[in-house]
Amino acid sequence: ETVRVLVDSDGDNEESYSQAVDLLNNGEVVAFPTETVYGLGAVATNDLAVKKIFEAKGRPSDNPLIVHIGTIEEITNYIEEIPENARKLMDAFWPGPLTIIMKAKKDVLAPSVTAGLSTVGMRMPSHGVALQLLRRLKKPVAAPSANRSGKPSPTKAIHVEEDLRGRIPLIVDGGVTGIGLESTVLDVTVNPPVILRPGGVTKEMLEGVIGQVIQPNHEQQKLDSTPKAPGMKYTHYAPNAPVYLIESNKDVVEKALLKLKNEGNKVALLAPDQFKELKADYFFPFGEEGDKLYDALRACDKTDAAIILATETTTEGVGAAIMNRLQKAAGGKWFNF
Ligand code: TXA
Ligand code: MG
């Protein structure tokens, strides 16, 4: 049975935290909020506990997990040698939505965390609840997003419950997450560093601190037959109905809606607010910053829409992260007249 406990900014929340800490110390998994999405955590040095994460999510075991820490100083326990650019990035963006891939120390973290790789992704989250939990536990926490594998990441406790009810003992409910898209994953084991997953810390922000950074586009990622971030090769964020990308142009979208309707299809439209006036059967805005995207994708599953249209975004700033998730949700498909 899955229990949901609340933490809020007024209460002392003592009981909620100690429940979570006890479960984690006992080798259990716990879902908790971060500033990006909800994570499903286990103590990162306990292999049996970490395996429970893969089991609860239905996650392929070759997809490594991010390790979360509560203070910057702890990093030296897990990382062999901290590159100078990584230091600068931690100073600039931690705590915050940036995961840095570095060479892992041997035999410290549970083998399932790194899925056999010699590197590990480290992140210090900025969400108050995540930080409290990590600092009380005083141990590193391996945590992927707290959704069933393939589903959109959870931005609310109810999303976690929908996906993992009965599979995990506890959800720490801290309300809606902030950014709503997962952290930027940056590999600093190569030069120049490569963005393996775009997120809230943008290419432009990274370059402001360490100079040139490579951000492969969708086409380049597809050409790379051995993806560097193993997770990127799997189906992601997929609602039940097929998603098609479409140009962000009201006339084009209007024509598409008309055509689909004439063919007898109910259509859900995922787009910025200004597309609201168009006559889609369902309209879900994904937010200027993409913060409502996963909520929107999940909402589609509660409708009888047969087709989902999603408008293209720019690939500048956080647009790169939004477009990346849309591409994946669509499996790269574009609407064709
Ligand atoms: O915002 C986030 O990052 C959330 C919250 C909970 O912190 N976590 C998250 O974890 O999104 P997950 O497991 O859903 O995504 C981690 C991504 C995957 O694409 C994985 O393949 C990649 O990071 N990754 C993890 N370790 C890696 C490594 N050593 N080398 C390359 N890619 C790695
Ligand atoms: Mg995930």
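See the structure above.
The sections below set out a description of the structure shown in this document. (Residues numbered from 1 in each chain as written. Chains lettered and ligands numbered in written order. Predicted model: local features only at pLDDT ≥ 70, side-chain atom pairs only at ≥ 80, totals over all residues. Heavy atoms only, no water.)

Structural notes on the environment of Leu117
1) Next: Position of Leu117 relative to the elements: it lies in the loop between α4 (111–114) and β6 (119–123).
2) Next: Placed 14 residues apart in sequence, Leu117 and Lys103 show a C-alpha to C-alpha distance of 9.1 Å. (Helix = DSSP H or I, 4+ residues; strand = E, 2+ residues; numbered from the N terminus.)

Things to note about the packing of aromatic side chains
1) Next: A full pass over the atoms with the stated rule returns 2 aromatic pairs.
2) Next: Ring centres 5.1 Å apart and planes at 25° place the aromatic pair Tyr237 and Tyr294 in the stacked group. With Tyr237 in the loop between α8 (218–223) and β11 (243–246) and Tyr294 in helix α10 (residues 293–300), this residue pair connects regions lying 57 residues apart in the sequence. With respect to burial, Tyr237 and Tyr294 carry one shared label: buried.
3) Next: Centroid distance Phe335 to Phe337: 5.0 Å. Interplanar angle 90°. Geometry classified as edge-to-face. (Phe/Tyr/Trp six-rings, centres within 6.5 Å; stacked < 30°, edge-to-face > 60°. Buried < 20%, exposed > 50% of the residue type's maximum accessible area, 1.4 Å probe, protein only.)

Considering the side chain of Ser112
1) Next: Its place among the elements puts Ser112 in helix α4.
2) Next: If we skip the residues at most four places from it in the chain, Ser112 touches Asp47, Val50, Lys51 and Phe54. (Contact = heavy atoms within 4.5 Å.)

From the geometry alone we can't say anything about function, so treat these as descriptive.
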